[in-house]
Amino acid sequence: MVNGDWVLARQFDLHLRAAEEYEKNTAAATSTPSVLKDSNLVTAVLEGLIEEKLIERGARREFSSELEARKKELLASFLKDNPITGEEGARYGMKLMVFEQEILLPQITRDLLAGRLYLQSLRLEDWLTFEKKNARVSIFSKVFTWDGGSVKTK
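Bear in mind that the values here come from a model prediction, so they are computed numbers and not experimental data. (Residues numbered from 1 in each chain as written. Predicted model: local features only at pLDDT ≥ 70, side-chain atom pairs only at ≥ 80, totals over all residues. Heavy atoms only, no water.)

### What to know about the packing of aromatic side chains
Moving on, step 1. In the structure shown here, the tally under the stated rule is 3 aromatic pairs.
Moving on, step 2. Ring geometry for Tyr92 against Phe99: centres 5.5 Å apart, planes inclined by 40°, an arrangement best described as tilted.
Moving on, step 3. Taking relative accessible area as the criterion, Phe99 reaches 5% and is therefore assigned buried.
Moving on, step 4. In this structure an aromatic cluster arises from ring pairing among Tyr22, Tyr92 and Phe99. (Phe/Tyr/Trp six-rings, centres within 6.5 Å; stacked < 30°, edge-to-face > 60°. Buried < 20%, exposed > 50% of the residue type's maximum accessible area, 1.4 Å probe, protein only.)

This is the structure we're talking about:
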């Protein structure tokens, strides 16, 4: 739970499978081994989902009621300029529609917020560090814990 917003187990499982699939497909296409190990991959996915919730909330504060329309507009523009085939989704082990919802839209939200913060002379990374330290994060797990800025294993 991030500031009262739930990260569902279904979403975590989807993102973990996608990360594993992406790692597998990337490993097959390159001779450079991945630096992520299984436990690092899990913590990276958890932390990514927490960041996604913080960014979504920050974008809602910045853009208010305009956010959804801007996201749809940017997605349509991106898809028009970069026709996505099932190949991109397959790289993550996702159907195209799920890929758009789970990968593209969060990235668009991140880009929108980064742009708005840039206009305020802020970097997204700095903003995110501050937000993570001040977020109320609860991880209901016997294996993982939140240390006020990142996911750690117990």
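From this point, things continue past the structure.
### Some points on the pattern of salt bridges
Moving on, step 1. What the rule picks out here adds up to 13 salt bridges.
Moving on, step 2. For Lys71, the salt bridge identified is with Glu68, shortest N-O distance 3.5 Å. A residue pair is termed a helical-turn pair when its members lie 3 or 4 positions apart in one helix, as Lys71 and Glu68 do in helix α3 (residues 67–81) at 3 residues.
Moving on, step 3. For Asp126, the salt bridge is made with Arg123, and the minimal N-O distance between the two is 3.3 Å.
Moving on, step 4. The exposure class of Arg123 is partly exposed, given its relative accessible area of 48%. (Salt bridge = Lys/Arg side-chain N within 4 Å of Asp/Glu carboxyl O. Helix = DSSP H or I, 4+ residues; strand = E, 2+ residues; numbered from the N terminus.)

### So, the confidence of the model for the protein
Moving on, step 1. Confidence along the protein averages 90 in pLDDT terms, with 93% of residues attaining 70 or more.
Moving on, step 2. Confidence, read as mean pLDDT per element, is least for helix α4 (residues 86–91) in the protein (80) and greatest for helix α6 (residues 124–134) (97). (pLDDT = per-residue confidence, 0-100.)

### Structural notes on the side chain of His15
Moving on, step 1. Tracing the backbone through its elements, the reader meets His15 in helix α1 (residues 9–29).
Moving on, step 2. Residue His15 is classed as buried on the basis of its relative accessible area of 12%.
Moving on, step 3. With near-sequence residues (within four places) excluded, His15 lies in contact with Val45, Leu49, Glu52 and Glu102. (Contact = heavy atoms within 4.5 Å.)

### Regarding the packing of α3 against helix α5 (residues 96–119)
Moving on, step 1. Packing of α3 against α5 brings their axes to within 10 Å, and their N-to-C directions diverge by 115°. The pairing of α3 with α5 is recorded here as roughly perpendicular in orientation. The two elements α3 and α5 meet at a crossing, and its hand is right-handed. Contacts between α3 and α5 involve Leu67, Arg70, Lys71, Leu74, Leu75, Phe78 and Leu79 from the former and Glu100, Leu104, Leu105, Ile108, Thr109, Leu112 and Arg116 from the latter.
Moving on, step 2. Class assignment for the residues of the contact of α3 with α5 results in 9 nonpolar, 1 polar and 4 charged. (Axes fitted to C-alpha atoms, helices over the stretch in contact; angles between N-to-C directions. Parallel < 35°, antiparallel > 145°, perpendicular 65-115°, else oblique. Left-handed = near helix turned anticlockwise from the far one by under 90°. Nonpolar A, V, L, I, M, F, W, Y, C, P; charged D, E, K, R; others polar.)

### Comments concerning a nonpolar patch on the surface
Moving on, step 1. A surface patch of nonpolar side chains, amounting to about 370 Å² of accessible area, comprises Trp6, Leu8 and Phe140.
Moving on, step 2. Take Phe140: it is sitting in the loop between α6 and β1 (144–146).
Moving on, step 3. Phe140 sits in the exposed class, given a relative accessible area of 63%. (Patch = residues over 30% accessible without salt bridge, like charges linked within 9 Å, V, L, I, M, F, W, Y side chains within 5 Å. Areas by Shrake-Rupley, 256 points an atom, 1.4 Å probe, with all protein chains shown as cover.)

### Brief notes about the packing of α5 against α6
Moving on, step 1. At a closest axis distance of 9 Å, the pairing of α5 and α6 adopts a crossing angle of 100°. Taken as axis vectors, α5 and α6 run roughly perpendicular relative to one another. Here α5 contributes Arg110, Leu113, Ala114 and Leu117 to the contact with α6, which in turn contributes Leu124, Trp127 and Leu128.
Moving on, step 2. Its residues assigned to classes, the contact of α5 with α6 shows 6 nonpolar, no polar and 1 charged.

### Notes on the environment of Ala135
Moving on, step 1. If you trace the backbone, Ala135 turns up in the loop between α6 and β1.
Moving on, step 2. Judged by relative accessible area, which is 13%, Ala135 ranks as buried.
Moving on, step 3. Between the alpha carbons of Ala135 and Gln120 there is a distance of 21 Å; along the sequence they are 15 residues apart.
Moving on, step 4. With sequence-adjacent residues up to four places away left out, Ala135 is seen in contact with Asn3 and Leu54.

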